[in-house]
Amino acid sequence: MPAPAKRVALFVTCLTDQFYPRVGVAITKILEHFGCAVEFPPAQTCCGQPFFNNGFHREARQLAKRMVDIFGSFDYVVTPSGSCCAMVREQYHQLFGGDGDWEQPMHRLAMRTFEFVEFLDKVLKVDFSQFKLPGARSVTYHYTCHLRGLGVKDEGVRLLRQIGNVQFKPLEKTDQCCGFGGTFAVKYPAISGAIVDDKVNCIAATGADTLICNDTGCTMNIAGMCHRRGIDTSVRHIAELMADAMGIDVDNW
Amino acid sequence: MQVDRNTREFLEEAQASPFDFHTISIKAAGDERLKMAVSSNTQRQYDGRQLRMLELPDPDALRELAGQIKQHALDYLDYYLDQLKSAVEANGGQVHFAADGAAARGIIAGIAADANCHGIIKSKSMASEEIELTHHLENAGMDVVETDLGEFIIQISDDKPSHLVAPIIHKDRASIARLFADYFHTPYSDDPPTLTRQARVYLRDKFRRADLGITGGNFLIAQTGQVCVVENEGNARQSLSTPRVLVSLIGIEKVIPRPADLAVMLKLMARSSTGQRMTVYTSIFGGPRLAGEKDGPEQFHLVLLDNGRSEILANAEYRETLRCIRCGACLNACPVYRKIGGHAYGSVYPGPIGALITPLFQGLGNFKDLPQASSLCGACYEACPVKINIPRHLINLRRDIVNQKLGGWMERLIFRLWARGLRSPFIYRLIGAMQKFDLRRRAAGTGWVARLPRIAGGWTQVRDMPAPARRSFHQMWKDRP
C-alpha cells in the first residue's frame, strides 16, 4: 500500500515568482514525481527578509505573521531559495521571541520549512543517478551563503553529480559570497561589483557552460554580471537541470 | 618619511569627520594593487584556517566552548577583574585602571617618568593603537620603537595598521623596499631576507638600550594574575624580558577565569588567525623578577583599559561583541574586507568585528555605513573562534539606525510603503505587473535592462538586470488544469 502523499506547500518567493517562474514549475513537477501533493497558497507574497535585514523589524514581524497564517497548516513548506528558508528557520524566532501567541505556531512552521535540495536529500531521500541529461553539459556550482545557516554543506553538489551527462567542474572559492546581499548590491555597488567580478572570474575560469545557483538573488546578480561582461555561462537553479534530466516541460503545465 | 601617495590619501580620508565610507571604499575597491595584496593574503590565511580547524576532532564544539568561556567571563567581569587585581599584586605587580585613552597614556607616561625611562620598545598591541599611545609618547620626547616588523614598518612610514594581525597587509614588497632604502640610507633591495636583516640589526640595538617595555595581551588569567601573549617574531618575548620596567596595556574584556580556559583559547587562536597550530612564541608572564630569578623586569605594571568597553558590557544585546580575541579570522573570511582592505573602515578595528565595535565605541551616527556595507553572508560567524554572531549584530545595528532615524527619510518611507503593499496579495500583484511592464519595456526584447532609474541605479552601475518573466508564477499557477 503506497505511503500517503506528503502535503507540501510551495513557497515560491517574491523574486522567483517575478523573474524565474520556471523554477517554480520545475519544483512542483519534480516534487509531484516523487509522490508529494503540492499546493500553492496564492495569498503568499514575501517572507519579510528584506525588511528584517534592513532593520525594519516591525514590518518584518507583520509579514512573518502573514507567513505563519498562510503556511501553518501544511506538513512541509518547500522553497527554491536558501535565504528565504533561512529567514523562516533561523530568523523568525528573533522576531517572535517571548510573544506567547505566536511563538508556538512560528516554531512549528520553522520546523517544517525546507530548502528544495535539502528536502530532496533529507526528507524524500531521492537518488538522481536514474536520470540523465539529454546531452553532455559542463556544470559548476556556487555555494550560496545562506546554506551556512541551514547546515547544508555538499548535498547540492552530491545530487548534481549523480545526474548522468553532467561533467562537474569545481568552482574556485565556491563558498565566497557572490556580493548580492539584497540592498547591499544597490547601496554599495563598487564593493558588490568587485565581489561579483571575482565570482565571475572564477566561473569563467572553469569553462563550464552552466552554473548551478540555488538562490534567486545570487542568480540575478551573477547572471547580470555575466551578461554585462559578455560571458556565456547560463545560470540555472538545480531544479531546472533536474527537470531537463527528467524530461519535464517547465514552460507549460 | 616616505608614504605611498595612495596610503596618504586613504589615511586623510579616513580621518575626515564624519567618516565618508562611500568615497574611501569606492577608491579602495577600484585599487587593483590593494585588492590583489589584501585578497591573496587573506585567502592564504583563510585557507590555512580551514585546514587547521579540520584537524581538531570537533571544531564547532570547541568554538562553542570558547564562546561560553568568554561570555561567562564577561557576565562576571567585575568579579574576575577583582580576582585578577589581587593575583597580580600577590605576584608583586601593580594594577592601574584607565577609564579612557587619555588616562591610560597619562598612567604610562607617569610610570616612565617615575622610573626614569627613556628608551621604549613596544610589541604589537591593538589597544595601544586604539589610544594612539606611540604618537603621544613620541610627542613627549620619548624614544619609542615598534618591534613587530609590520608595526615597525607602519611606524617609520607614518601609516596605520589595516589588519588586526597582519598590519601591513595592504603594502607590497616594492613599497617596503623603497621605504627601507630611504629610511636607512641604503641601496634599494626588495629581497625579504635582506630587508628583515636590516630591521633586525636596527631593532637589536634598540632592544639593548631599552629600559621600558610595553606589551599588549591576548589573554589575562584572573586566577593567576598572568598575561598571555602569542606571537611569531619573538619581539614581545624580548620586550617583556630585557627592559627593567614592563608595562602591559590590555583591554578589560581580555580576562578569562583560569589556566584551563587559556588552553581552550590557545587551541583556537593561531588556527583561526594564521592557520598555524600554534604561534612560534607563547609567553605567559605576570610579575616582576622574583628573588633568585636571573632575568625579568624590576617592575611590572598592568594597565587595564576601559575606553568604552564597560558601556558595551552593560548592553546585554551587544555584550557578546566583547568576546572578541582579535584573531582576525573574520577579516580573512569577509568578502567585503578582501576587496577594500582595512583603512576603508576608518578605525583601528576593521573588518566584520570592526563594523560592530567601531559604531558601538564611537557612535552609530558617525559610522552608520559600516553595519550596512555587508552582504550578511555569515562567513565571519562561521570563522569566529568564540562564535560572535556578527551578522545578527549587524542587523541589530541596522535596526538601531532605523529606530534612531539615522538613515534617510525617503528610504524609511519606501520600505514602509513596500511592506504595506506586500501585506495585500492584490497590491503585490499590481506592483509586480507595473514593475514587469516598466522593466520589460526598458529591456526592449533583449531580456536585460542595462540602466535602472534613480534609487535602483546602483545595481546597473556595475551589472545588468534580468527582465521579469512574461508571466509570473502566480499567473502560471492560475492556468493550471
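Note that the coordinates shown come from a computational prediction; the quantities given were computed from them, not determined experimentally.

A. Examining the overall build of chain A more closely. Scanning chain A from terminus to terminus reveals 13 helices and 8 strands. Its C-alpha radius of gyration of 18 Å places chain A within 12% of the 18 Å reference for a compact globule of 253 residues. Taken along its principal axes, the extent of the C-alpha atoms in chain A is 55 × 55 × 30 Å. For chain A, the proportion of its 253 residues judged to be buried stands at 59%. Pairs at least 24 apart in sequence give 79% of the contacts found in chain A among residues at least 6 apart.

B. Inspection of the overall build of chain B at higher detail. Across its full length, chain B holds 24 helices and 12 strands. In terms of overall size, chain B behaves like a compact globule, its C-alpha atoms giving a radius of gyration of 26 Å where 481 residues would be expected to give roughly 23 Å. When its C-alpha atoms are laid out on the principal axes, chain B stretches across 95 × 55 × 45 Å. Looking at chain B as a whole, 47% of its 481 residues qualify as buried.

C. Spatial organisation of the interface of chain A and chain B. Listed by partner, the interface residues are 54 residues for chain A and 53 residues for chain B. Where the side of chain A that touches chain B is concerned, the elements lending two or more residues are helix 1 (14-19), helix 2 (21-33), helix 3 (49-53), helix 4 (57-71), helix 8 (147-150), helix 10 (184-187), helix 11 (189-206) and helix 12 (216-229) of chain A. Here the side of chain A that touches chain B takes 8 residues from helix 11 of chain A, the largest share from any one element. Along the lines of polarity and charge, the residues of the side of chain A that touches chain B split into 30 nonpolar, 18 polar and 6 charged.

D. Structural detail: the domain arrangement of chain A. All names here are of chain A. By the assigned domains, chain A splits into domain 1 (6-123) and domain 2 (128-246). Here domain 1 and domain 2 have C-alpha centroids that lie 22 Å from each other. Elements with a contribution of two residues or more to the side of domain 1 that touches domain 2: helix 1, helix 2, helix 3, helix 5 (82-96) and helix 7 (116-123). For the side of domain 1 that touches domain 2, the leading source of residues is helix 2, giving 7 residues.

E. Broad picture of the nonpolar core. Among the nonpolar cores identified, the biggest contains 217 residues, and V78(A), I222(A), L249(B) and C330(B) are the most heavily contacted of them. Among the elements that make up this core, the one with the highest residue count is helix 5 of chain A (8 residues). Leaving out residues up to four positions away in the same chain, V78(A) has contacts with V8(A), L10(A), F11(A), I27(A), L31(A), F114(A), F116(A) and F119(A).

F. Main features of the domain arrangement of chain B. Domain boundaries assigned for chain B yield domain 1 (25-309) and domain 2 (410-478). A C-alpha centroid distance of 51 Å is found between domain 1 of chain B and domain 2 of chain B.

G. Structural view of helix 3 (residues 32-54) of chain B. Look at helix 3 of chain B: 33 Å from first C-alpha to last across 23 residues, which is about the 33 Å you get at 1.5 Å a residue. Restricting attention to buried positions, one finds in helix 3 of chain B the residues L34(B), K35(B), A37(B), V38(B), T42(B), Q45(B), Y46(B) and R49(B).

H. Quick peek at the sheet that holds strand 6 (residues 164-168) of chain A. Residue and element names in this part refer to chain A. The 4 strands lie next to each other as 6-5-7-8, forming an open sheet whose pairing is parallel. The open sheet is flanked by strand 6 and strand 8 (234-236), the only strands paired with a single partner. The sheet shows a mean angle of 40° between the axes of neighbouring strands, taken without regard to direction. The pairing of strand 5 (residues 132-142) with strand 7 (residues 210-213) spans 4 bridges and is parallel. Opposite Y141, over in strand 7, you have I212 as the bridge partner.

I. Looking closely at the environment of A190(A). As for its position among the elements, A190(A) is in helix 11. A190(A) sits 103 residues away from M87(A) along the chain, and the two C-alpha atoms are 27 Å apart. Excluding anything up to four places from it in sequence, A190(A) contacts S25(B), I26(B), A29(B) and G30(B).

J. Broad picture of the pairing of strand 2 (residues 119-122) of chain B. Examined bridge by bridge, strand 2 of chain B and strand 3 (residues 143-146) of chain B share 4 bridges and lie parallel to one another. Its bridge partner lying in strand 3 of chain B, K122(B) is registered against E146(B).

K. Highlighting unusual backbone geometry. Although it is not a glycine, T13(A) sits at a positive phi angle of roughly 75°. Tracing the sequence through the fold places T13(A) in the loop between strand 1 (6-10) and helix 1. Of note, H185(B) is a non-glycine position whose phi angle comes to about 55°, a positive value. Tracing the chain through its elements places H185(B) in the loop between helix 10 (173-184) and helix 11 (192-209).

L. Quick peek at the sheet that holds strand 2 of chain B. All names here are of chain B. Overall, parallel pairing links the 6 strands, which are arranged 1-10-7-4-2-3 in an open sheet. Here the strands that pair on one side only, and so sit at the sheet edges, are strand 1 (94-98) and strand 3. Each strand axis lies, on average, 20° off the axis of its neighbour in the sheet, ignoring direction. Relative to strand 4 (residues 212-215), strand 2 runs parallel, the two being bridged by 3 bridges.

M. Broad picture of the environment of A102(B). Positionally, A102(B) belongs in helix 6 (residues 101-114). Remark: the alpha-carbon pair of A102(B) and E320(B), spanning 218 residues in sequence, is separated by 26 Å.

N. Summary view of the pairing of strand 10 (residues 299-305) of chain B. Residue and element names in this part refer to chain B. The element strand 10 is largely enclosed, with a buried count of 7 among its 7 residues. Neither face of strand 10 is exposed, since Q299, H301, V303 and L305 on one face and F300, L302 and L304 on the opposite face are all buried. Where strand 1 meets strand 10, 5 bridges bridge the pair, whose relative direction is parallel. Opposite Q94, over in strand 10, you have H301 as the bridge partner.

O. Looking closely at the confidence of the model for chain A. In the predicted model, chain A carries a mean pLDDT of 94, and the fraction of residues at 70 or more is 99%. Confidence, expressed as mean pLDDT per element, reaches its minimum in chain A at helix 8 of chain A with 86 and its maximum at strand 3 (residues 76-79) of chain A with 98.

P. Region of the structure containing the packing of helix 4 of chain A against helix 6 (residues 100-111) of chain A. All names here are of chain A. Look at helix 4 against helix 6: their axes get within 10 Å of each other, and the N-to-C directions meet at 65°. One finds that helix 4 runs roughly perpendicular with respect to helix 6. The element helix 4 and its partner helix 6 pack so that their crossing is left-handed. Together, K65, V68 and F71 of helix 4 and W102, P105, M106 and L109 of helix 6 make up the contact between the two elements. Classifying every residue of the contact of helix 4 with helix 6 by side-chain character gives 6 nonpolar, no polar and 1 charged.

Q. A look at the packing of helix 11 of chain A against helix 12 of chain A. Residue and element names in this part refer to chain A. Look at helix 11 against helix 12: their axes get within 10 Å of each other, and the N-to-C directions meet at 75°. Classified by the angle between their axes, helix 11 and helix 12 sit roughly perpendicular to one another. Facing helix 11, whose interface residues are V196, D197, K199 and V200, helix 12 presents N221, I222, M225, C226 and R229. Looking at the contact of helix 11 with helix 12, its residues break down into 5 nonpolar, 1 polar and 3 charged.

Calculation rules
Residues numbered from 1 in each chain as written. Chains lettered and ligands numbered in written order. Predicted model: local features only at pLDDT ≥ 70, side-chain atom pairs only at ≥ 80, totals over all residues. Helix = DSSP H or I, 4+ residues; strand = E, 2+ residues; numbered from the N terminus. Rg over C-alpha atoms; globule rule 2.2 N^0.38 Å. Buried ≥ 20, exposed ≤ 12 C-beta atoms within 10 Å, placed from the backbone. Contact = placed C-beta atoms within 7 Å. Nonpolar A, V, L, I, M, F, W, Y, C, P; charged D, E, K, R; others polar. Domains from an automatic or database assignment. Core = buried A, V, L, I, M, F, W, Y, C linked by C-beta atoms within 7 Å. Expected span 1.5 Å × (residues − 1). Pairing = 2+ DSSP bridges. Axes fitted to C-alpha atoms, helices over the stretch in contact; angles between N-to-C directions. pLDDT = per-residue confidence, 0-100. Parallel < 35°, antiparallel > 145°, perpendicular 65-115°, else oblique. Left-handed = near helix turned anticlockwise from the far one by under 90°.

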